[in-house]
Amino acid sequence: MNLDEIKACIPHREPFLWLDEIISLEENSIHARKVIPPDLDLFRGHYPDQPILPGVILCEAAMQASAVFIAKSGIVAEDKIPVATRLNNTKFRRMVKPGETLDIHVTLSEKMGAAYFFTGKVMVGKETAARMEFAVTATDG
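Let me sum up the structure you'll find in this document. (Residues numbered from 1 in each chain as written. Predicted model: local features only at pLDDT ≥ 70, side-chain atom pairs only at ≥ 80, totals over all residues. Heavy atoms only, no water.)

**Some words on the sheet that holds strand β3 (residues 80-92)**
Here comes step 1: Read from one edge to the other, the open sheet built from 6 strands follows the order β1-β2-β4-β5-β6-β3, with strand pairing classed as antiparallel. Only two strands of the sheet have a single neighbouring strand rather than two, namely β1 (21-25) and β3. Adjacent strand axes in the sheet meet at a mean angle of 25°, parallel and antiparallel pairs treated alike.
Here comes step 2: Of the strand pairs in this sheet, strand β4 (residues 101-112) and strand β5 (residues 115-124) are connected by 9 bridges, and their pairing is antiparallel. Each residue of the ladder has a partner; that of Lys111, found in β5, is Tyr116. (Pairing = 2+ DSSP bridges. Helix = DSSP H or I, 4+ residues; strand = E, 2+ residues; numbered from the N terminus. Axes fitted to C-alpha atoms, helices over the stretch in contact; angles between N-to-C directions.)

So, in C-alpha cells, the structure goes:
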C-alpha cells in the first residue's frame, strides 16, 4: 500500500504523517515502514548537536499504523476517525537517528465494541527501538 492509499485510510497528513508504506496487512496485524528524513525540521530542536527522533513519535507511528488497520478492517463506518485512548507498558530501547528506517509492527490483541487493543513494536533493522501496548477507538469526527 502506497502513501496515497494510506492517506485514503486515515486523516493524518504531512508534517505529522509517520507512515510511508504498508508492507503487509494480515487478519490481525499490520507492518508499516517510515524512512526518517535527515532534514526533518524537528531535529533542529531535538537535539541540534545530537539529533534523535522523540519517543512519542515512535508511539504515534504505531498508532497511525493501527488506524490504517482499523480502516482496512471494513467494520468501522467511514465517518469515524481513530483516536488513541490508552498507552501502557511503553519501553524505549534504542534511539532513532536521522536517515534511519522504521519498521512498525502492530498486532491486534483484542476488540471490544469500538475499542481496539494493540501491541506495537518499532524496529530499526533487527533492533527494537520501542515496544508499547495501546488502545484506539473509532469515534465521530
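Moving on from the model shown.
**Quick notes on the packing of aromatic side chains**
Here comes step 1: In total, this model carries 4 aromatic pairs according to the counting rule given.
Here comes step 2: Ring geometry for Phe69 versus Phe118: centroids 5.9 Å apart, planes at 90°, classification edge-to-face. Linking Phe69 in helix α2 (residues 55-73) with Phe118 in strand β5, this pair joins segments that are 49 residues apart in sequence. The burial state of Phe69 is the same as that of Phe118; both residues are buried.
Here comes step 3: Arranged with centres 6.3 Å apart and planes meeting at 15°, the rings of Tyr116 and Phe118 form a pair that is stacked. A single burial state applies to Tyr116 and to Phe118, both of which are buried.
Here comes step 4: Members of the aromatic cluster, connected to one another through ring pairs, are Phe69, Tyr116, Phe118 and Phe134.
Here comes step 5: Sitting above the plane of the Tyr116 ring, Lys111 keeps its charged end 5.0 Å from the centroid. (Phe/Tyr/Trp six-rings, centres within 6.5 Å; stacked < 30°, edge-to-face > 60°. Buried < 20%, exposed > 50% of the residue type's maximum accessible area, 1.4 Å probe, protein only. Lys NZ or Arg CZ within 6 Å of the ring centre and 35° of its normal.)

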